[in-house]
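For reference, the chains in residue letters:
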Amino acid sequence: MLVHPENPRRGATGGTALEVAAWLASRGYPVHPLAPGTKTPAANCRECTGRRHSPELCPCHAEGRWCHGFHAATTDLDTLREWWRREPEFGIGVACGAAGLVVIDVDAHAAAVPDRNRLLPGIPIDDRVDLTGLESGFDTLALLAAHRGRPDPCEDTGTLRVRTPSGGLHIWYRAPEGGPRLRCSSGSSSRVALAWQVDVRAEGGYIVAPTTRTAAGVYEALPGARLPGSLPPWLAAELVRTGHVVEDHSPAPSTGRSAALEPGSRPSVTGGGREAGRRLLSGLLAEVGSCATSPSGTAFSEKLNRAAFTAGGLVAGGHLDAAEGRLLLLEAADRARPHQPRRNVLIVDTGLRAGSDRPIHPKERT
């Protein structure tokens, strides 16, 4: 369970934030520190403050330091012990994407209610529907569920629900296996939103873990399940409908069949091109593999990101098969850092997507 069964203010093992963080990490949820008394990530280290480099290339991560918020999240217990030894009052953040979580963040902020056609994006609300008393995300999420003839997620005792200090609610779900990757959104957004005052925390974001204390109060689990349940299919469908799917620019695995190129598609991988692509990637994979001899101080994340970025460019240039490249990257990463498979996947997929926008041709890299 995520919290003590009789006293939700106590951690999973009876007390400290470190114990809760370690419990989460032991179950595959990468965590990162939050600044004491707040719900925001601990500040970047001095060397990184003000610099404009990508989190994946940040040297702090390879050296076991927190930096760039949820990008530093880890399940490595030695790293967590060191972080919380340095600051026992850290709160706990969970990287939703790497943890395979989709969290529905229901707000109850005092705000003017927008026009009824903005309450449920894409769903017109007839003027005959009485909206008297509607004032928060609790109401709009219940309205969406009623419109679909489904139970209100706020009342779902089959999954972990966490009351926030501001009176809101975090509803934790496991992302559907094999389904589309889902991303964050704000309920006030005019572009991607599930419902007014209902945020979504998924890939690209983090959630505050229960038992974390801020100046406003404690994040407390409500009665019911103490672990995230499966995301209800109807809710997953709503997230897809409202544009929460992460766009994947990587090409589909090769089927071995010839096909005409559609506009915007990737060029096919020829025999000679594939061989050249493998040669270029092999050196970078060797650098990733060399990190296996040392648990830290080897710039592992930077090397893996560089290899993934290059692989993405090779795929875009028609010199590497997408599925093969991803497999080679993950195999090298898991050999070097077997204790953090989710983080390895995150680095690889991020690097592949970034590299796919910049085609690479081996003859140009001499």
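Before reading further, recall that the structure is shown in the block above.
Owing to the predicted nature of the structure, the values given are computational and were not obtained by experimental measurement. (Residues numbered from 1 in each chain as written. Predicted model: local features only at pLDDT ≥ 70, side-chain atom pairs only at ≥ 80, totals over all residues. Heavy atoms only, no water.)

Peer 1: When you look at the overall build of the protein in this model, what are you seeing that I'm missing?
Peer 2: Within the protein one finds ten helices and eleven strands. Here the protein holds 366 residues, and 48% of them are scored as buried. Look at the contacts in the protein between residues 6 or more apart in sequence, and 70% of them connect residues 24 or more apart. Total accessible area on the protein is roughly 17,800 Å²; 51% of this is exposed by carbon and sulfur atoms. (Helix = DSSP H or I, 4+ residues; strand = E, 2+ residues; numbered from the N terminus. Buried < 20%, exposed > 50% of the residue type's maximum accessible area, 1.4 Å probe, protein only. Contact = heavy atoms within 4.5 Å. Areas by Shrake-Rupley, 256 points an atom, 1.4 Å probe, with all protein chains shown as cover.)

Peer 1: How do you make sense of the environment of valine 113 when you look at a structure like this?
Peer 2: Mapped onto the elements of the fold, valine 113 is located in the loop between β3 (101-106) and α5 (137-148). Valine 113 sits in the partly exposed class, given a relative accessible area of 40%. In sequence terms valine 113 and serine 136 are 23 residues apart; their C-alpha atoms lie 8.2 Å from each other.

Peer 1: How do you make sense of the nonpolar core when you look at a structure like this?
Peer 2: Nonpolar side chains tend to gather and get buried jointly when the protein is soluble and globular. Residues Leu24, Val31, Trp84, Ile92, Val94, Leu101 and Trp172 are the most contacted members of the largest nonpolar core, which totals 30 residues. Where this core is concerned, the elements lending two or more residues are α1 (17-26), β1 (31-34), α3 (77-86), β2 (91-95), α4 (96-99), β3 and β7 (206-208). Top contributing element to this core by residue count: α1, with six residues. Grouped together as the second largest cluster of nonpolar side chains are 28 residues, Leu182, Trp234, Ala236 and Leu239 included. (Core = buried A, V, L, I, M, F, W, Y, C linked by side-chain atoms within 4.5 Å.)

Peer 1: Which parts of the structure should I look at to understand the sheet that holds β7?
Peer 2: Strand pairing in a sheet is mediated by backbone hydrogen bonds. Such pairs are either parallel or antiparallel. Strand order in the open sheet formed by three strands is β1-β2-β7, and the pairing between neighbours is antiparallel. Of all strands in the sheet, those with a lone pairing partner are β1 and β7, marking the two edges. For this sheet, the mean inter-axis angle between neighbouring strands, taken without regard to orientation, is 35 degrees. Note: β1 against β2, four bridges, orientation antiparallel. Following the sheet pairing, histidine 32 is matched in β2 by glycine 93. Along the sheet, α1 contacts β1 and β2; its crossing angle with β2, the most-contacted strand, is approximately 15 degrees. Where α3 meets the sheet, its contacts fall on β1 and β2, and the angle it forms with β1 comes to roughly 5 degrees. (Pairing = 2+ DSSP bridges. Axes fitted to C-alpha atoms, helices over the stretch in contact; angles between N-to-C directions.)

Peer 1: I would appreciate a short explanation of unusual backbone geometry in the present structure.
Peer 2: For histidine 68, which is not glycine, the phi dihedral falls at a positive 65 degrees. Take histidine 68: it is sitting in the loop between α2 (59-62) and α3. Residue histidine 68 is classed as buried on the basis of its relative accessible area, which comes to 16%. Its identity as a non-glycine residue notwithstanding, threonine 211 has a phi of 85 degrees, on the positive side.

Peer 1: So what exactly am I meant to see when it comes to the pattern of salt bridges here?
Peer 2: Opposite charge on two side chains allows them to pair when their charged atoms are near. This structure, assessed with the given rule, holds 15 salt bridges. We note a salt bridge from arginine 85 to glutamate 82, for which the minimum N-O separation is 2.8 Å. Of the two residues, arginine 85 and glutamate 82 both sit in helix α3, three residues apart, roughly one turn of that helix. Bridged by salt links that share partners, the residues Asp105, Asp199 and Arg201 form one connected network. (Salt bridge = Lys/Arg side-chain N within 4 Å of Asp/Glu carboxyl O.)

Peer 1: Is there a simple way to explain the pairing of β2 in this structure?
Peer 2: The side chains of a regular strand alternate, first on one face of the sheet and then on the other. Counted residue by residue, β2 has five buried out of five residues, so it is predominantly covered. Residues Gly91, Gly93 and Ala95 of β2 are buried on one face, and the alternating residues Ile92 and Val94, pointing to the opposite face, are buried as well. With three bridges connecting them, β2 and β7 associate as antiparallel partners. What sits directly across from valine 94, in β7, is isoleucine 207.

All quantities given are derived from atomic positions and should not be read as evidence of function.
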